[in-house]
Amino acid sequence: MIKRILYIAVVCGAAIVFIGILLADQPVPSDFIYGVSFSKFHADELKLDYKSVLLALLDDLKARRFRFSAHWPMIEPTKDRYDFGALDYQMQQARLRDAEVILGVGRRLPGWPECHEPQWASSLSKEAKEQEILDYIRAVVTQYKSYGNLKYWQIENEPFLTRFSQETCGGLDTGFLEHEIALVRELDPMRPIILTDGGEFGMWLSAWKRADVFGSTMYLYIWSPQLGKIRYPIGPRFFRIKRGILELIGGNKPSIVAELSAEPWLLQSITNTPIDVQLDRMNIDKFNEILGFSQKTSFDTFYLWGAEWWYWMKTKQDHPEFWNRARELFE
């Protein structure tokens, strides 16, 4: 009798899970919106003039959606002395062309080593550093909240993906993250807030429930020091079901792919990596594969990661294929 009850329970449980998956599996859209992530920090790494790269993205590719990052060391290189020059230029050029902007603020923003802080802040106590971060966020929000083309604030980057870049970022203080969110809402109450999480390993719910808009990353090809080249053994349905489950348990809300991988995953800087290695990790076939994969995931808005690399490959390495393919997305 007990075995029969257990058997029925297992069958019913499996049926519930199966039905839940069917309910969570979402339709695939037919129209897609593309933007790019852009950062002076990444352009500097490639020894590029960031203004030239940005203007090429705006005027050659005709990109009209950007994710910019207000990296703390760029904004406050000296304590209490703010330098908005580079970010002013980015925001103004985007505004002149009616390009929408997601602006990221916080200590953890896109680009290795993930957490960025000015040298003067590195020796501060945890409490003192947190206060300085809040002061810097206040300054950035005050500077740019009047920009009509600023669509969303992004607060931190993948803050709940704590096992990634643990050495430079440390653990997550959820209470402090909520202080950051509350501060931005207080300073700019009408503008939505994005929180992001890892697409493949992130649990999503913690970011989902705190954000007005949820942003996932999406990577197919990575490189592990232990395992070498890896293509994640997942299909687009993985993202459809995952997103559907979050909507079932967390409620409907706008969600986008805030970072779609479109440059090689490397273990050292791009400029110190041979071109043949870069093209092994990200060639035009993989580029197109990633685009095709993303279009079957139920998301319809994608911010591509790697625009500075496309420009560098075109202008410095005689490999324009990535830039040319990206141009087709914005036509």
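In this text, all values refer to a predicted model and were calculated from it rather than measured experimentally. (Residues numbered from 1 in each chain as written. Predicted model: local features only at pLDDT ≥ 70, side-chain atom pairs only at ≥ 80, totals over all residues. Heavy atoms only, no water.)

**Focus: the packing of helix α3 (residues 50–59) against helix α5 (residues 85–96)**
Thinking step 1. Where α3 contacts α5, the axes come no closer than 11 Å and their chain directions differ by 15 degrees. The orientation of α3 with respect to α5, classified from their angle, is roughly parallel. Relative to α5, the crossing made by α3 is right-handed. Contact with α3, carried on its side by Y50, K51, L54, L55 and L58, involves G85, A86, Y89, Q90, Q93 and A94 of α5 and no other residues of that element.
Thinking step 2. Residues of the contact of α3 with α5, tallied by class, amount to 7 nonpolar, 3 polar and 1 charged. (Axes fitted to C-alpha atoms, helices over the stretch in contact; angles between N-to-C directions. Helix = DSSP H or I, 4+ residues; strand = E, 2+ residues; numbered from the N terminus. Parallel < 35°, antiparallel > 145°, perpendicular 65-115°, else oblique. Left-handed = near helix turned anticlockwise from the far one by under 90°. Contact = heavy atoms within 4.5 Å. Nonpolar A, V, L, I, M, F, W, Y, C, P; charged D, E, K, R; others polar.)

**A look at unusual backbone geometry**
Thinking step 1. Here the residue pair W112 and P113 is connected by a cis peptide bond, since its omega of 15 degrees sits within 30 degrees of zero.
Thinking step 2. Phi angles above zero are rare outside glycine, and K62 is one such case at about 65 degrees.
Thinking step 3. Residue placement: K62 occurs in the loop between α3 and β2 (65–69).
Thinking step 4. The phi torsion at W204 lies on the positive side, around 75 degrees, for a residue other than glycine.
Thinking step 5. On the secondary structure map, W204 appears in the loop between β5 (193–197) and α9 (205–210).

**Describing the confidence of the model for the chain**
Thinking step 1. Model confidence for the chain is summarised by a mean pLDDT of 92, while 93% of its residues fall at 70 or above.
Thinking step 2. Here residues 4–20 is modelled with pLDDT under 50, and outside its nearest four sequence neighbours on either side it reaches 1 contact, counting other chains as well. (pLDDT = per-residue confidence, 0-100.)

**Re the state of the cysteines**
Thinking step 1. Going through the model one piece at a time under the given rule, you end up with 1 disulfide.
Thinking step 2. Shown here is the disulfide that connects C115 with C169, its sulfur atoms set 2.1 Å apart. Across the S-S bond of C115 and C169 the torsion is about 115 degrees, and the bridge reads as right-handed. One end of the pair, C115, is in the loop between β3 (100–105) and α6 (126–144); the other, C169, is in helix α7 (residues 166–169), with 54 residues separating them in the sequence. Residues C115 and C169 agree in their burial class; the two are buried. (Disulfide = S-S within 2.5 Å. Buried < 20%, exposed > 50% of the residue type's maximum accessible area, 1.4 Å probe, protein only.)

**Topic: the nonpolar core**
Thinking step 1. Grouped together as the largest cluster of nonpolar side chains are 88 residues, with contacts concentrated most on L103 and W310.
Thinking step 2. If you tally residues by element for this core, the top one is α6, at 8 residues.
Thinking step 3. Contacts of W310, omitting those with residues within four sequence positions, involve V36, L61, A262, F287, L304, F322, W323 and A326.
Thinking step 4. Counting 7 residues, the second-largest nonpolar core is a separate cluster that includes I102, Y152, I256 and A258. (Core = buried A, V, L, I, M, F, W, Y, C linked by side-chain atoms within 4.5 Å.)

**Points about α3**
Thinking step 1. Turning to α3, its buried residues are Y50, V53, L54, A56, L57 and L58.
Thinking step 2. Structurally, α3 contributes buried residues whose contacts are with β1 (33–37), α2 (40–45), β2, α5, α13 (307–316) and α14 (321–330).

**Observations regarding the sheet that holds β5**
Thinking step 1. Ordered by their spatial adjacency, 8 strands build a closed barrel running β1-β2-β3-β4-β5-β6-β9-β10, and the pairing between neighbours is parallel. On average, each strand axis in the sheet is inclined to that of its neighbour by 30 degrees, with strand direction left out of account.
Thinking step 2. Sheet topology note: the β3/strand β4 (residues 150–155) ladder contains 5 bridges and is parallel. Its bridge partner being in β4, G104 is matched across the sheet by Q154. (Pairing = 2+ DSSP bridges.)

**Quick word on a nonpolar patch on the surface**
Thinking step 1. A surface patch of nonpolar side chains, about 360 Å² in accessible area, is lined by L205, I245, L248 and I249.
Thinking step 2. In terms of residues, the nonpolar patch owes the most to one element, helix α10 (residues 236–250), which gives 3 residues.
Thinking step 3. Following the sequence through the fold, I249 ends up in helix α10.
Thinking step 4. The exposed category is assigned to I249, whose relative accessible area is 58%. (Patch = residues over 30% accessible without salt bridge, like charges linked within 9 Å, V, L, I, M, F, W, Y side chains within 5 Å. Areas by Shrake-Rupley, 256 points an atom, 1.4 Å probe, with all protein chains shown as cover. Salt bridge = Lys/Arg side-chain N within 4 Å of Asp/Glu carboxyl O.)

**Digging into the side chain of E132**
Thinking step 1. One can find E132 in helix α6.
Thinking step 2. Apart from the residues within four sequence positions on either side, E132 is in contact with W72, E76, K79, D80, W120 and L124.

**Describing the pattern of salt bridges**
A side chain of one charge can pair with a side chain of the opposite charge when the charged atoms of the two come close.
Thinking step 1. The full count for this structure, using the stated rule, is 19 salt bridges.
Thinking step 2. Residues K40 and D44 are paired through a salt bridge, measuring 2.7 Å at the closest nitrogen-oxygen approach. Linking K40 with D44, this pair stays in helix α2, spanning 4 residues, or about one helical turn.
Thinking step 3. A salt bridge links R191 to D188; its shortest N-O distance comes to 2.7 Å.
Thinking step 4. Note on R191: relative accessible area 14%, which makes it buried.
Thinking step 5. One connected set of salt bridges, linked through shared partners, spans R65, E100 and K151.

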